[in-house]
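Structural features, examined
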Amino acid sequence: MKRTLSVLVENRPGVLTRVAGLFSRRGYNIDSLAVGRTENPSISRMTIVVDGDEQIIEQVGKQLNKLIDVIKISDITDDPYVGRELILIKVNAEPAVRGEIMQIVDIFRARIVDIARNSLIIEATGDADKIDAIENSLRPFGIREVVRTGKIAMLRGAKTRGMEASGNDTGE
Amino acid sequence: MLFTIGDRAEAKKLTGAGIIIKALQAEGVDTVFGIPGGSVLPLYHELAVSNIRHILTRHEQGAAHAAEGYARASGKPGVCIATSGPGATNLVTGITNAYMDSIPLVALTGQVSVEMIGHDSFQEADITGITLPVTKANYLVKNVHDLAATIHEAFYIATTGRPGPVLIDIPKDLTTQRAVFRYPPKLHLPGYRSKVSPHALQVTQAAAAIAAAARPLLFIGGGVITSGAHEEVRQLAEGQDIPVVMSMMGKGGFPETSPLFVGMVGMHGTAAANYAMCETDLIIGVGVRFDDRVTGKIEAFAPQAKIIHIDIDAAEIGKVVTAHIPIVSDARQGLAALLEKLSGKGEHPAWRQQIRRWQEENPLHYERCGLKPQYVLEELYNLTKGQALIATDVGQHQMWAVHYYPLERPRAFFSSCGLGTMGFGVPAAMGAAIARPEETVVVITGDGSFQMNIQELATISHYQLPVKIILMNNGYLGMVRQWQEFFFDRRYAYSEMLGNPDFVKVAEAYRIPGRLVMTSEEVVPALTEALATPGPFLLDVKIDREENVFPMVPPGGTLNKMVTGGRGA
Ligand SMILES: Cc1ncc(C[n+]2csc(CCOP(=O)(O)OP(=O)(O)O)c2C)c(N)n1
């Protein structure tokens, strides 16, 4: 079972190591992890896709919550959300097949971002299914290199959802 | 001379080292344990003229364990200091030990100057990286203006919620730079929740489950000691007529002399406690984490039981066993809420009688011949009237100490439970003796463990700490030998301690009096002498070499299938 967690963290040094370390140390499987800062520069958002049964997902949530720098965790898997990945694909492209490749690029509403004598770099964004599909369609031409970001996700509408109440300790 | 305004502002500033001292004082720290070195010299320069007492240990691991012993005995956070690089890495085992047993500890480490960090400079180690998985939080401070606030935050995090170790790495140049000392009254910790109150509905459910149970069992752990829930545990057990079992961390959390006390559960638990765990229909787990040494094989653990689990750390609930009624709360608060909801007294005569029968059929037992460690502990108990503070190392002697030295009060037993660190006992006893100078502190150790931090004899000797060392000397890494006897065809591969020194002479070299004990007749006079002699004392007790710890649940086995050695349990 894959779950998508949206995690707000304090933008402090070592946070990524802490989160990644927690996954490896406790033997959880990260499918993907993407981080970037939010509208508030002191806070970052991580989108973590994790694979595991219900008990594991619950532990992941609880263990993440224990990290001092983790402000809020939302399991958004069952909520309406927009999820995106970005892929860059460097594909073999002799002049004779370029037309065909460009058609595929059009169909997926992707973009060609670099042209060399025998190759093209294609950029596409979308959910994992679409990304997989474009990668598969280009495979017959000979893929030289693929780079994918992890998934980033945002809830639709104004909603946010917590796995557990978030903390706010002032030390008083 | 006249000051200009600028001079006056400058005069109000302190060095980073001065700020650290002031912050420690603001946290109420009166004692620290450590060893100086290049990168902490400015700090030591200030420490020497402050009112904070510094205990010089002989190894940084000793400093960390001593700080932990101090914390366990006093209930206050322990503080240790080490220099950068090797000093800091020597703390790691001690920090990990505190992490596993949830003990509040603040470790201050020196670091190379800010501009040298990352260059593999002399005595540089990435100690925040190294300790990331074994600290509750850690910091590398890079600006002198952040020092005070970081120390404040570190103490707060170490001591609140589920306590644990926090490390602060401080580059040397920060300790000589100047800044105004400002202690922030408030902390900004948006991701931290230290206070959790028991959920009313869950407390009501727990109370109903207790009222409905036929064979309830209270299972207490270290959280009872940490939160000071001793009295609440007693009220619940006595008021509802519920027998009590404990993890090793729970020792002292309930009077072991009470008729309701059944014993420690788990791999080396008593037979009655383990049978009770298998037959109970309701476990009330309080401040305990269902460790694998306690549960045995999970699938076969407490098959008929409903589980109430009270713990301050939500992540502990459901981590190992499924809790039917979870209560995320401080143990004391959780129990207090529960006591309020319980009306009337409980009665479980049949269940109590069943447990009594198990106890009578499987008493703790050893052969009364030769020189037996159990006998030494029984006599120690008699002579100290059960009132000594007991620190142990790790091995067979640790298990004998749990079984043969019953305790009535909390904060009187110090042992490395979660990590099982040999070498913990002696420095932990040192820390306890410093925290509670009016008490008698006894270390029960083995010849293997003792030699892992034997250099701390110098510290004990120098400060004349009243630490009585009882060395259960079997000439083996005894627990290892026992496993080899049971599970590896008696092939004692490298578990015999060949080349042991004359321990009485070693003690003497450190100006600590000692005595060799060869026969059981000598035990009482030797213990009497050790206890009557002011200051430290060492007894080198040549116990029967192949004495085993019983009962024993083989690793991965189920609790009711114990090896008893054919002599009862
Ligand atoms: C630092 C460390 N290294 C190794 C072990 C593995 N170990 C567990 S018990 C034990 C033997 C302990 O021997 P001793 O201290 O003489 O005590 P005894 O069992 O003989 O009472 C060993 C080696 C450990 N627990 N800690």
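Our subject is the structure listed above.
Description of the structure in this document. Just so we're clear, the structure is a prediction, and the values are computed from it rather than from any experiment.

A closer look at the overall build of chain A
Looking only at helices and strands, chain A has four helices and nine strands in total. Helices (α) and strands (β) of chain A occur, in sequence order from the N terminus, as β-α-β-β-α-β-β-α-β-β-α-β-β. Oriented by its inertia axes, the alpha-carbon framework of chain A measures out at about 70 × 35 × 30 Å. Taken across its 172 residues, chain A has 42% of its residues classed as buried. Nonlocal contacts in chain A, meaning residues at least 24 apart in sequence, comprise 73% of its contacts between residues at least 6 apart. About 9,300 Å² of surface is accessible on chain A, with carbon and sulfur atoms providing 50% of the total.

Overview of the site of the ligand
Residue and element names in this part refer to chain B. Inspection of the region around the ligand gives 17 residues, with Gln396, His397, Gly448, Ser449 and Gly478 positioned closest. Separating an oxygen atom of the ligand from a side-chain N or O atom of His397 is a distance of 2.8 Å. Within the contact set of the ligand, an oxygen atom lies 2.7 Å away from a backbone nitrogen or oxygen of Ser449. At the level of secondary structure, the elements contributing two or more residues to the shell around the ligand comprise helix 17 (396-404), helix 19 (447-450) and helix 21 (478-487). Here the shell around the ligand is built from residues that sort into seven nonpolar, nine polar and one charged.

Quick look at the sheet that holds strand 10 (residues 244-246) of chain B
Residues and elements named next belong to chain B. Pairing is parallel across the open sheet formed by six strands, whose spatial order is 11-10-9-12-13-14. Strands at the two margins of the open sheet, each flanked by one partner only, are strand 11 (261-264) and strand 14 (325-328). Between one strand axis and the next, the sheet turns through 15° on average, direction left out of account. In this sheet, strand 10 lies alongside strand 9 (residues 216-220) in parallel orientation, the contact comprising three bridges. Its bridge partner lying in strand 10, Leu218 is registered against Val244. Along the sheet, helix 12 (residues 271-279) contacts strand 9, strand 10, strand 11 and strand 12 (282-286); its crossing angle with strand 11, the most-contacted strand, is approximately 100°.

Description of unusual backbone geometry
Residue and element names in this part refer to chain B. With omega at -5°, the peptide bond leading from Phe550 into Pro551 counts as cis. Among the secondary structure elements, Pro551 is positioned in the segment after strand 20 (537-542). The phi dihedral of Ser102 is positive, around 55°, even though this residue is not glycine. Mapped onto the fold, Ser102 is located in the loop between helix 6 (92-100) and strand 5 (105-111). Here Arg490, not a glycine, exhibits a phi torsion of approximately 60°, which is positive. Examined against the element boundaries, Arg490 turns out to sit in the loop between helix 21 and helix 22 (503-509).

Details of the pairing of strand 7 (residues 119-126) of chain A
Residue and element names in this part refer to chain A. Pairing of strand 5 (residues 81-92) with strand 7, which is carried by eight bridges, proceeds in the antiparallel orientation. Bridging across to strand 7, Lys90 finds its partner in Ile121. Here four bridges tie strand 6 (residues 111-115) to strand 7, and the two strands are oriented antiparallel to one another. Each residue of the ladder has a partner; that of Asp114, found in strand 7, is Ile121. Linking strand 6 to strand 7, which pair antiparallel, is a turn of three residues.

Observations concerning the interface of chain B and chain A
With 27 residues of chain B at the contact, the number on the chain A side is 26 residues. Each partner contributes to the roughly 2,200 Å² buried at the junction of chain B and chain A, and carbon and sulfur atoms together form 46% of this total. Between chain B and chain A we count two salt bridges in total. Ionic pairing is found between Asp313 of chain B and Lys66 of chain A, a salt bridge with its closest N-O pair at 2.6 Å. In this structure, the connection of chain B to chain A is made through eight residue pairs in polar contact (both at pLDDT 80 or more). Listing elements by their share of the side of chain B that touches chain A, those giving two or more residues are strand 6 (137-140) and helix 8 (147-159) of chain B.

Comments concerning the nonpolar core
Residue and element names in this part refer to chain B. Of all hydrophobic cores here, the largest spans 111 residues; its most connected members are Leu218, Ile308 and Leu338. In terms of residue count, the dominant contributor to this core is helix 4 (residues 60-74) (seven residues). When neighbours within four sequence positions are excluded, Ile308 is seen to be in contact with Ala206, Ala209, Ile210, Leu282, Ile283, Ile284, Gly285, Ile325 and Ile327.

Side note on the pairing of strand 1 (residues 2-10) of chain A
In summary, the side chains of a regular strand alternate between the two faces of the sheet. Residue and element names in this part refer to chain A. Most of strand 1 is tucked away, with eight of its nine residues classed as buried. Strand direction decides the pairing type here: strand 1 and strand 3 (residues 43-51), joined by nine bridges, are antiparallel. Each residue of the ladder has a partner; that of Val9, found in strand 3, is Ser44. Sheet topology places strand 1 next to strand 4 (residues 70-75); five bridges connect them, and they run antiparallel. Note on strand 4: the bridge partner recorded for Val7 is Ile73.

Some thoughts on the sheet that holds strand 16 (residues 413-414) of chain B
Residues and elements named next belong to chain B. Sheet architecture is open: six strands sit in the order 16-15-17-18-20-19, paired in parallel fashion. In this open sheet, the two strands that pair with only one neighbour each are strand 16 and strand 19 (514-517). In terms of strand pairing, strand 17 (residues 441-446) meets strand 18 (residues 467-473) through six bridges, oriented parallel. Bridge assignment links Val442 to a residue of strand 18, and that residue is Lys468. Sheet strands touched by helix 16 (residues 373-384): strand 15 (389-392), strand 17, strand 18 and strand 20. Its angle to strand 18, the strand with the most contacts, is close to 160°.

A short note on the packing of helix 4 of chain B against helix 6 of chain B
All names here are of chain B. One can describe the packing of helix 4 onto helix 6 by two numbers: an axis separation of 7 Å at closest approach and a directional angle of 25°. One finds that helix 4 runs roughly parallel with respect to helix 6. Contacts between helix 4 and helix 6 involve Gln61, Ala64, His65 and Glu68 from the former and Thr93, Gly94, Ile95, Asn97 and Ala98 from the latter. Partitioned by chemical class, the residues of the contact of helix 4 with helix 6 number three nonpolar, five polar and one charged.

Reading the values: the criteria
- Residues numbered from 1 in each chain as written.
- Chains lettered and ligands numbered in written order.
- Predicted model: local features only at pLDDT ≥ 70, side-chain atom pairs only at ≥ 80, totals over all residues.
- Heavy atoms only, no water.
- Helix = DSSP H or I, 4+ residues; strand = E, 2+ residues; numbered from the N terminus.
- Buried < 20%, exposed > 50% of the residue type's maximum accessible area, 1.4 Å probe, protein only.
- Contact = heavy atoms within 4.5 Å.
- Areas by Shrake-Rupley, 256 points an atom, 1.4 Å probe, with all protein chains shown as cover.
- Near = heavy atom within 4 Å.
- Polar contact = N/O pair within 3.5 Å; in protein donor to acceptor, adjacent residues only side chain to side chain.
- Nonpolar A, V, L, I, M, F, W, Y, C, P; charged D, E, K, R; others polar.
- Pairing = 2+ DSSP bridges.
- Axes fitted to C-alpha atoms, helices over the stretch in contact; angles between N-to-C directions.
- Buried area = accessible area lost by both parts, 1.4 Å probe.
- Salt bridge = Lys/Arg side-chain N within 4 Å of Asp/Glu carboxyl O.
- Core = buried A, V, L, I, M, F, W, Y, C linked by side-chain atoms within 4.5 Å.
- Parallel < 35°, antiparallel > 145°, perpendicular 65-115°, else oblique.

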